[in-house]
Amino acid sequence: MIAVYPGSFDPVTLGHLDIIERASKIARKLIVAVLTNSSKLCMFDVAERVEMLREVCKDIRNVEVAAFDGLLISYAQSIGANAIIRGLRAVTDFEYEFQMALANRMLDDSIETLFISTNAQYSYLSSSVVKEIAKLGGKVDAMLPEATHIKLLQKIGRL
């Protein structure tokens, strides 16, 4: 199975990394796809997000990192993926993700969406929460891979 795990990853958190590691065990090849979305204001540009992901995924042999824009289903088709991986933190994530899965299935019913629930220790974690805590001077090292933590502190001028 070739799977794609899409997201903004602004920045990549330990919750993202948990999903990547677990998805890599069920996919022959996992493409971590960084969304280029001009309407979303990101702290890190696409190249920085791709670089951070490549750094934290470098030891996972079947994971590749790429950037994409446009429809996810079109991107999945272009790389020959037959599955989309989505992480679920809470019931509130499910409603949105389920709608997206149904829409993607309508567009191409040969590509399945697989939901992976997060480990309980990361259920509160989102990139937005991490950025807000860091901007306000809080400690975020237990929420991020070390390389990402350093880049976040540099970006907000705390290092």
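Here's what I pulled together on the structure shown here. (Residues numbered from 1 in each chain as written. Predicted model: local features only at pLDDT ≥ 70, side-chain atom pairs only at ≥ 80, totals over all residues. Heavy atoms only, no water.)

Regarding the pairing of strand β2 (residues 29-35)
Part 1: Summarising burial for β2: five of the seven residues are buried, a large majority.
Part 2: Relative to β2, strand β1 (residues 2-7) is paired through six bridges, and the arrangement is parallel. What sits directly across from tyrosine 5, in β2, is valine 32.
Part 3: Here six bridges tie β2 to strand β3 (residues 63-68), and the two strands are oriented parallel to one another. Pairing of leucine 35 across the sheet is with phenylalanine 68, part of β3. (Buried < 20%, exposed > 50% of the residue type's maximum accessible area, 1.4 Å probe, protein only. Helix = DSSP H or I, 4+ residues; strand = E, 2+ residues; numbered from the N terminus. Pairing = 2+ DSSP bridges.)

Thoughts on the packing of helix α2 (residues 46-57) against helix α6 (residues 146-155)
Part 1: Axis separation between α2 and α6 bottoms out at 9 Å; the angle between their running directions is 150°. As summarised for this structure, α2 and α6 are arranged roughly antiparallel, according to the angle between their axes. Across the interface between the two elements, Glu48, Glu51, Met52, Glu55 and Val56 of α2 pack against Ala147, Thr148, Lys151 and Lys155 of α6.
Part 2: Broken down by class, the residue content of the contact of α2 with α6 amounts to three nonpolar, one polar and five charged. (Axes fitted to C-alpha atoms, helices over the stretch in contact; angles between N-to-C directions. Parallel < 35°, antiparallel > 145°, perpendicular 65-115°, else oblique. Contact = heavy atoms within 4.5 Å. Nonpolar A, V, L, I, M, F, W, Y, C, P; charged D, E, K, R; others polar.)

Re the nonpolar core
Part 1: Counting residues in each nonpolar core, the largest one holds 34 residues, and the members touching the most others are Ile20, Leu30, Val32, Leu53, Ile85 and Leu152.
Part 2: Of all elements in the fold, only β1, α1 (14-24), β2, α2, β3, β4 (83-88) and α5 (127-135) reach the threshold of two or more residues within this core.
Part 3: Leaving out residues up to four positions away in the same chain, isoleucine 85 has contacts with Ala3, Val4, Tyr5, Pro6, Ile19, Ala23, Leu30, Leu114 and Ile116.
Part 4: Among the nonpolar cores identified, the runner-up in size contains 12 residues, and Ile2, Ala76, Ala81 and Ile84 belong to it. (Core = buried A, V, L, I, M, F, W, Y, C linked by side-chain atoms within 4.5 Å.)

Topic: unusual backbone geometry
Part 1: In the segment running from aspartate 10 into proline 11, the intervening peptide bond is cis, with an omega of 0°.
Part 2: Mapped onto the elements of the fold, proline 11 is located in the loop between β1 and α1.

Some thoughts on the pattern of salt bridges
Part 1: Within this structure, the stated rule accounts for 10 salt bridges.
Part 2: Glutamate 48 serves as the salt-bridge partner of lysine 155, at 3.1 Å between the closest nitrogen and oxygen. Here lysine 155 is found in helix α6, whereas its partner glutamate 48 is found in helix α2, with 107 residues between them in sequence.
Part 3: Assessed through its relative accessible area of 26%, glutamate 48 is described here as partly exposed. (Salt bridge = Lys/Arg side-chain N within 4 Å of Asp/Glu carboxyl O.)

Considerations on the pairing of β4
Part 1: Among the six residues of β4, five are classified as buried, and the element is accordingly described as predominantly covered.
Part 2: Direction of pairing for β1 relative to β4: parallel, over a ladder of two bridges. Considered in β4, the bridge of valine 4 is made with isoleucine 84.
Part 3: Two elements, β4 and strand β5 (residues 112-117), share six bridges in a ladder whose sense is parallel. Residue pairing in the sheet places leucine 88 in a bridge with serine 117 of β5.
Part 4: A crossover links β4 with its parallel partner β5, the connecting element being helix α4 (residues 91-107), and its sense is right-handed. (Right-handed = clockwise from strand over helix to strand, strands pointing away.)

Brief notes about the environment of asparagine 104
Part 1: You can see asparagine 104 is positioned in helix α4.
Part 2: What makes asparagine 104 buried here is its relative accessible area of 9%.
Part 3: Along the primary structure asparagine 104 and leucine 72 are separated by 32 residues, whereas in three dimensions their C-alpha atoms are 8.1 Å apart.
Part 4: With near-sequence residues (within four places) excluded, asparagine 104 lies in contact with Leu72, Ile73 and Ile84.

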